[in-house]
Each structure stands twice: as structure tokens, then as C-alpha cells.
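Structural overview
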Amino acid sequence: MTRNPVTVTVAYQVIPGRETEFHSWGWAMLRAKAREQGFLGGGVLVDGEAEWHVVYRFDSESSALAWENSVSWAQWAARAEGLARETGRRRIQGSRVWFDSQTDLPAAAPAPAPPRPPDKWKLWFVNMSAVFPPVLIFNLTILPFLGGVNALIRTLLLCLAVTALVTWILMPRLQRFFKKWLYPPLQALRGRHKRRTA
């Protein structure tokens with residue numbers, strides 16, 4: 001490979017409903033280019049619903065120009081007229097310049113910020129709703145039978161029973177039940193997404 005290859009990107013606005021035909025045209029045209037002197041490769045890329053890009057590389061500017069000024073290219077361009085309209089052309093010389101130019105492209109829209117954590121008082125309310133019932137039940141039903149047991153053992157049994165109930169049974173159900181109340185912005189976002197996809 002020479003040190004100064006040329007990469008050409010041609011943008012097309014494809015006529016709705018003709019995407020499959022344009023895709024076939026692009027790859028057939030690139031296969032025809034493969035027989036040309038100095039052709040290094042290429043591809044057909046889709047950007048959005050109607051914007052397509054045909055990218056090809058030659059080992060030098062003269063090889064690229066020879067193809068673009070050939071009768072063969074004129075014939076291929078004529079075949080594309082009923083499928084798409086060329087909307088832009090970008091030519092970059094050298095491999096390093098090509099990769100550097102990709103870093104100068106405008107950034108995509110920033111991802112939406114993650115939802116804020118729930119307010120502390122809401123978390124306190126949900127935790128209290130999960131902890132209070134088992135502690136009350138344990139105190140009313142189990143502790144009277146453990147009066148003669150060491151206070152350390154009684155407390156340990158209380159903690160083990162309550163944390164097991166809260167972790168595996170109560171908290172998952174309460175979090176599902178209070179989900180819309182704890183994370184209203186997230187629910188609104190999901191609602192908008194469902195409406196958009198519908």
C-alpha cells in the first residue's frame with residue numbers, strides 16, 4: 001500500500017422504498033471497482049433511515065480520479081439516478097488524516113442523565129414500612145417465649161429473622177409497589193418511550 005491512499009465518502013438520499021435496490025447497486029458498483037488498478041476496498045453504510053454512504057479507497061489520488069472520470073463510473077452513476085440523489089462528497093488523503101478527521105465529527109446527542117435517587121424521606125418511609133411489621137410480630141409472638149434467653153442471643157435472633165424477611169420478602173415487593181412514587185422521572189421517561197414506539 002502506498003503512503004498516501006485516498007478515501008472518498010459519497011452521501012446519498014435514498015428514495016423511500018428503494019433501499020434494497022440501492023444497497024445492491026452500491027455493492028455491485030464496488031465489485032466492479034475491485035477490478036480497477038489501485039482499488040483498496042470500500043463499503044455501503046446506512047446512517048439513519050434515508051441517508052446512505054458509499055465509501056471507497058484507492059492507493060492514490062490519480063487512481064481515484066481515473067475511476068471517477070471513467071465511462072464505467074458514469075454508467076454506474078446513471079443507474080443510481082432512479083434510486084437515490086447524491087447529497088455530498090468527502091475526499092480525504094492519507095490514512096492518518098482519515099482517522100484524525102473522524103475525531104472532528106460533531107458529537108452525538110448526549111445520553112439522558114440517570115434518574116436522581118429518591119428523596120431520603122421516601123427511602124426512610126419504605127424502609128420503615130418493611131422493618132416495622134416483622135419487628136412488631138417478632139416482639140408479640142416470639143420474644144415472650146425467649147424471656148429466659150440471653151439478651152445478646154435474643155437480639156441476634158431478632159436481627160436475623162427481621163433482616164431475612166426484609167431482604168428476601170418485604171423489600172422487593174415494597175420497591176415494586178412504590179416504584180412510580182420513588183422514581184417518577186424514570187416512569188415518565190418510560191411512558192414517553194412507549195408512546196413513541198407505539
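Treat the numbers as computed from the prediction; the structure is a model and nothing was measured.

Membership of the largest hydrophobic core comes to 23 residues, with the highest contact counts inside it found for Tyr12, Phe22, Trp25, Met29, Val54 and Tyr56. If you list the elements that add at least two residues to this core, you get strand 1 (6–14), helix 1 (19–33), strand 2 (39–47), strand 3 (51–58), helix 2 (61–68) and helix 3 (71–80). Look past the residues within four positions of Trp25 in its chain and what remains in contact with it is Tyr12, Val54, Trp76, Arg79, Ala80 and Leu83. Listed in part, the ten residues of the second largest apolar core include Met171, Leu174, Phe178 and Leu182.

Glancing now at the pattern of salt bridges. One pass over the structure, following the stated rule, counts five salt bridges. Among the ionic pairs, Glu68 bridges to Arg89, the shortest N-O distance being 3.4 Å. Highlighted residues: Glu68 in helix 2 and Arg89 in strand 4 (residues 84–93), separated in sequence by 21 residues. Here Glu68 falls in the buried class, since its relative accessible area comes to 15%. Its relative accessible area of 38% is what places Arg89 among the partly exposed residues. Residues joined in a network through salt bridges with shared partners are Glu61, Glu68, Glu86, Arg89 and Arg91.

Okay, the confidence of the model for the chain next. Averaged over all residues, the pLDDT of the chain is 77; the fraction at 70 or higher stands at 78%. Under a pLDDT of 50 for its full length, residues 97–109 has, in the predicted model, eight contacts with residues more than four places off or in other chains.

Separated by 2.6 Å, the side chains of Glu68 and Tyr56 make a polar contact. Once you skip the residues sitting within four places of it in the chain, Glu68 turns out to touch Val8, Tyr56, Trp73, Arg89 and Arg91.

To continue, consider the environment of Met171. Assignment of secondary structure puts Met171 in helix 6 (residues 151–177). Accessibility expressed as a relative area gives 14% for Met171, which makes it buried. Sequence separation between Met171 and Val131 is 40 residues, and the spatial gap between their C-alpha atoms is 8.9 Å. Not counting the four nearest positions on each side in its chain, Met171 is found in contact with Val126, Asn127, Ala130 and Val166.

Cut-off values and rules
- Residues numbered from 1 in each chain as written.
- Predicted model: local features only at pLDDT ≥ 70, side-chain atom pairs only at ≥ 80, totals over all residues.
- Heavy atoms only, no water.
- Core = buried A, V, L, I, M, F, W, Y, C linked by side-chain atoms within 4.5 Å.
- Buried < 20%, exposed > 50% of the residue type's maximum accessible area, 1.4 Å probe, protein only.
- Helix = DSSP H or I, 4+ residues; strand = E, 2+ residues; numbered from the N terminus.
- Contact = heavy atoms within 4.5 Å.
- Salt bridge = Lys/Arg side-chain N within 4 Å of Asp/Glu carboxyl O.
- pLDDT = per-residue confidence, 0-100.
- Polar contact = N/O pair within 3.5 Å; in protein donor to acceptor, adjacent residues only side chain to side chain.

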